[in-house]
Amino acid sequence: MHGHEHGLSVVPVHEAVGMMLCHDMTRIVPGVEKGPGFRKGHVIAPEDIPLLLQMGKEHVYALRLGAGQLHEDDAALRLARAVGGAGVAPEARCEGRVNLIAGHDGLLLVDVPALGRVNGLGGLAVSTLHGLCAVRAGQVVAGMRVIPLIVHERLLHDAERALGGASAVSVLPFRRARVGMVTTGSEVFHGRIKDKFGPVVRRKFAELGSEVVRQVLVADDRDATARAIRELVDEGADMVVVTGGMSVDPDDQTPAGIRAAGARVVAYGAPVLPGSMFMLAYLGEVPVMGLPGCVMYHRASIFDLVAPRLLAGLAVTREDIIALGHGGLCLGCQECRYPACPFGKGT
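Numbering of residues starts from 1 in every chain and runs along the sequence as written. Reporting of local features is limited, given that this is a predicted model, to residues whose pLDDT is at least 70; pairs of side-chain atoms are given and counted only at 80 or more, and all residues count toward the totals for whole chains, interfaces and linings. Computation of side-chain values: all heavy atoms of the structure, hydrogens and water removed.

Caption draft 1: Representation of the overall build of the protein chain in the model. Every helix listed is a DSSP run of H or I at least four residues long, and every strand listed is a run of E at least two residues long, numbered separately from the N terminus. Assigned secondary structure in the protein chain consists of 11 helices and 20 strands. Computation of the radius of gyration draws on C-alpha atoms alone. For the globule rule, the value is 2.2 Å times the number of residues to the power 0.38. Taking 2.2 N^0.38 as the reference for a compact globule, 347 residues should give roughly 20 Å; the C-alpha atoms of the protein chain span a radius of gyration of 28 Å, well beyond that estimate. Across its three principal axes, the protein chain shows a C-alpha extent of roughly 90 × 50 × 35 Å. Whether a residue is buried, partly exposed or exposed follows from its accessible area with a 1.4 Å probe, protein chains only, as a fraction of its type maximum: under 20%, in between, or over 50%, in that order. Looking at the 347 residues of the protein chain, the share that counts as buried comes to 46%. Long-range contacts, defined here as pairs at least 24 residues apart, represent 65% of the contacts in the protein chain between residues at least 6 apart. In this tally, Lys and Arg are treated as positive and Asp and Glu as negative; His is ignored, and so are the chain termini. For the purpose of locating charges, the reference atoms are NZ of Lys, CZ of Arg, CG of Asp and CD of Glu. Computed over 35 positive and 36 negative side-chain charges, the separation of the two mean positions in the protein chain equals 2 Å. Whether two residues touch is decided by their heavy atoms; if any such pair falls within 4.5 Å, the residues are in contact.

Structure (structure tokens):
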């Protein structure tokens, strides 16, 4: 076979410039090193010839790309550009592997059916983190690889068609919300005990790039709670959280206070442990969250599943809250590894 035909050939080294190597070639220098001199997929350049000859390779197993054929690296990069959307950027690795990197902190969105269609084509592998989770700038959110060394352009067209012209992976930026906090509880209001909930909530919002701009303390009183919520919204709060008073104790007035403020209740109670005594409501466009005490004690809770979605501008529905039941059971590990764990990842 001559080296300039399409397809696989055993080619004299001098004729192999511009062709693609089809196997790893190990370079051995006795007593010094043993490692790959050239990787499979390497396109042979003129300056490679002396080294190949020095390695004792007068012929190589190589091929020249035919019309419409793509090297795995080029194909993977093209696939990454098709799969990735707003808020992610491709980062080329080696041997047909490309990652998608988050360009900013935000909420990862994955079109799971589209992902399945691309992976169903064969020859392409795209894997992602779970969607609807908070990610950091610079984090790898997806990886893709082209499985054969060479693919036909048609496969990439098929992938682009399977995506329907839309991306499958994107990161929605978090808005920098001005958060108002209402802390209910007569003991705190009267100064008999210190508020321990507020600092936890402040830190959690700060980690997501938002700020608690004002905290209002009220006694266990429905009308006072409602007044405080409305006041914070009138002052321009983008979100309101109400801490304390979410249990079924008859003195706990938080859910009644949220309703009395005129908020439309989306869900009272959530199939999440920890976090079942949770309320989500909207006062106009402003989300109001009633947070149960578990948010204070657990590193991962209902707050960590819902707040990132709200900060990314998603409207959270009753159906979204119901769907949290699958995966909504915290394992209660001695050392919490969240978010590197199954909590909240039911889809």
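Caption draft 2: Just the packing of aromatic side chains, in detail. Side-chain rings of Phe, Tyr and Trp, where Trp is taken by its six-membered ring, are said to pair if the distance between their centres is within 6.5 Å; with planes under 30 degrees apart they count as stacked, over 60 as edge-to-face, and otherwise as tilted. If you walk through the whole model with that rule in mind, you get two aromatic pairs. Geometrically, the ring pair formed by Y338 and F343 is edge-to-face, given 6.0 Å between the ring centres and 70° between the ring planes. Per residue, the accessibility class of Y338 equals that of F343, and both read buried.

Caption draft 3: Inspection of the side chain of S210 at higher detail. You can see S210 is positioned in the loop between α6 (197–207) and β16 (211–218). Nitrogen and oxygen atoms within 3.5 Å of one another constitute a polar contact, given that in protein one can donate a hydrogen and the other can accept it, and given that sequence-neighbouring residues count only through two side-chain atoms. Within the structure, S210 has its side chain in polar contact with the backbone oxygen of R175 (distance 3.3 Å).

Caption draft 4: Molecular detail of the nonpolar core. Buried Ala, Val, Leu, Ile, Met, Phe, Trp, Tyr and Cys residues that are joined via side-chain atoms within 4.5 Å together make up what is termed a nonpolar core. Within the largest apolar cluster, 38 residues are counted, with the highest numbers of intra-cluster contacts made by F205, F278, L280, M289, L291 and I321. Elements with a contribution of two residues or more to this core: β15 (178–184), α6, β17 (239–243), β18 (264–268), β19 (279–283), β20 (286–291), α9 (294–297) and α10 (302–311). Ignoring sequence-local partners within four residues, the contact set of F205 consists of V179, S210, V212, M239, V241, M289, F303 and L311. By size, the runner-up hydrophobic cluster in this structure holds 33 residues, among which are A102, L115, V135 and A168.

Caption draft 5: Spatial organisation of the sheet that holds strand β12 (residues 140–146). Spatially, the four strands line up as an open sheet ordered β7-β8-β12-β10, and their pairing is antiparallel. The sheet terminates laterally at β7 (88–92) and β10 (124–128), the two strands that pair on one side only. Between one strand axis and the next, the sheet turns by 20° as a mean value, whatever way the strands run. When DSSP locates at least two bridges between a pair of strands, those strands are taken to pair. In this structure, strand β8 (residues 97–102) lies alongside β12, joined through five bridges in antiparallel fashion. Considered in β12, the bridge of I101 is made with V140. The angle between two axes is taken between their N-to-C directions and runs from 0 to 180 degrees, where each axis is a line fitted to C-alpha atoms and a helix contributes only its stretch in contact.

Caption draft 6: A look at the environment of G325. Structurally, G325 can be placed in the segment after α11 (318–323). Overall, the relative accessible area of 38% leaves G325 in the partly exposed class. Sequence spacing of G325 and S276 is 49 residues, and the spatial spacing of their C-alpha atoms is 10.0 Å.

Caption draft 7: Quick look at the environment of T128. The residue T128 is located in strand β10 in this model. Residues T128 and V110, spaced 18 residues apart in sequence, show a C-alpha to C-alpha distance of 7.8 Å.

Caption draft 8: Structural context of the side chain of D195. Relative to the helices and strands, D195 resides in the loop between α5 (186–189) and α6. Within the local environment of D195, its side chain forms a polar contact with the backbone nitrogen of F197, the two atoms lying 3.1 Å apart. Separated by 2.8 Å, the side chains of D195 and Q215 make a polar contact. If sequence neighbours within four positions are ignored, D195 has contacts with T183, V188 and Q215.

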